[in-house]
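# Understanding the architecture of this molecule
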Amino acid sequence: MLHETWQDNNLGQVKVTNVDAKKYKVSDMLTVGKVYTIVNETEEYIFVVDNSGKVGGFYKDYFEKI
């Protein structure tokens, strides 16, 4: 279960630029302007420890790399 060790990863940082989701409510899990640490990344998603304290995957559209 590789995903259980992701919280220890530090692949960089991203800043949330918007939470304008078309399909799902993202504003509860991400705060605009807050900086999050990347724990994993794919072509389409960035995985960060969100406001719930757990790892969540979000579209790259919400972030800008620092």
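Here, the structure is the one placed above.
What comes next is a walk through the structure.

Cut-off values and rules
- Residues numbered from 1 in each chain as written.
- Predicted model: local features only at pLDDT ≥ 70, side-chain atom pairs only at ≥ 80, totals over all residues.
- Heavy atoms only, no water.
- Helix = DSSP H or I, 4+ residues; strand = E, 2+ residues; numbered from the N terminus.
- Rg over C-alpha atoms; globule rule 2.2 N^0.38 Å.
- Buried < 20%, exposed > 50% of the residue type's maximum accessible area, 1.4 Å probe, protein only.
- Contact = heavy atoms within 4.5 Å.
- Lys, Arg positive; Asp, Glu negative; His and termini not counted.
- Charge placed at Lys NZ, Arg CZ, Asp CG, Glu CD.
- Phe/Tyr/Trp six-rings, centres within 6.5 Å; stacked < 30°, edge-to-face > 60°.
- Pairing = 2+ DSSP bridges.

### Some remarks on the overall build of the protein chain
A tally of regular secondary structure across the protein chain gives zero helices and five strands. Sequence-ordered secondary structure for the protein chain, helices as α and strands as β, is β-β-β-β-β. Scaling as 2.2 N^0.38, a compact globule of 66 residues should have a C-alpha radius of gyration of about 11 Å, and the protein chain matches this with 11 Å. If one aligns the C-alpha atoms of the protein chain with their principal axes, the spans along those axes are about 30 × 25 × 20 Å. Looking at the protein chain as a whole, 26% of its 66 residues qualify as buried. Sequence separation of at least 24 residues holds for 43% of the intrachain contacts in the protein chain that already meet a minimum separation of 6. Placing the 8 positive and 10 negative side-chain charges of the protein chain at their respective mean positions leaves the two points 5 Å apart.

### Observations regarding the packing of aromatic side chains
As enumerated under the stated definition, the model contains three aromatic pairs in all. Plain terms: the ring middles of Tyr45 and Phe47 are 6.4 Å apart, the flat faces sit at 50° to each other, and that makes the pair tilted. We classify Phe47 as buried; its relative accessible area is 17%. For the ring pair Phe58 and Phe63, a centre distance of 6.4 Å and an interplane angle of 70° mean the geometry is edge-to-face. Across the pair, exposure class does not vary: Phe58 and Phe63 are buried alike.

### Let's talk about the pairing of strand 4 (residues 55-59)
Across the two faces of strand 4 the burial differs, with Gly56 and Phe58 buried and Val55, Gly57 and Tyr59 not buried at all. Relative to strand 4, strand 3 (residues 45-49) runs antiparallel, the two sharing five bridges. From the neighbouring strand, Val49 faces strand 4, where its bridge partner is Val55. Count of turn residues in the strand 3/strand 4 antiparallel hairpin: five residues, of which Gly53 carries a positive phi of about 90°.

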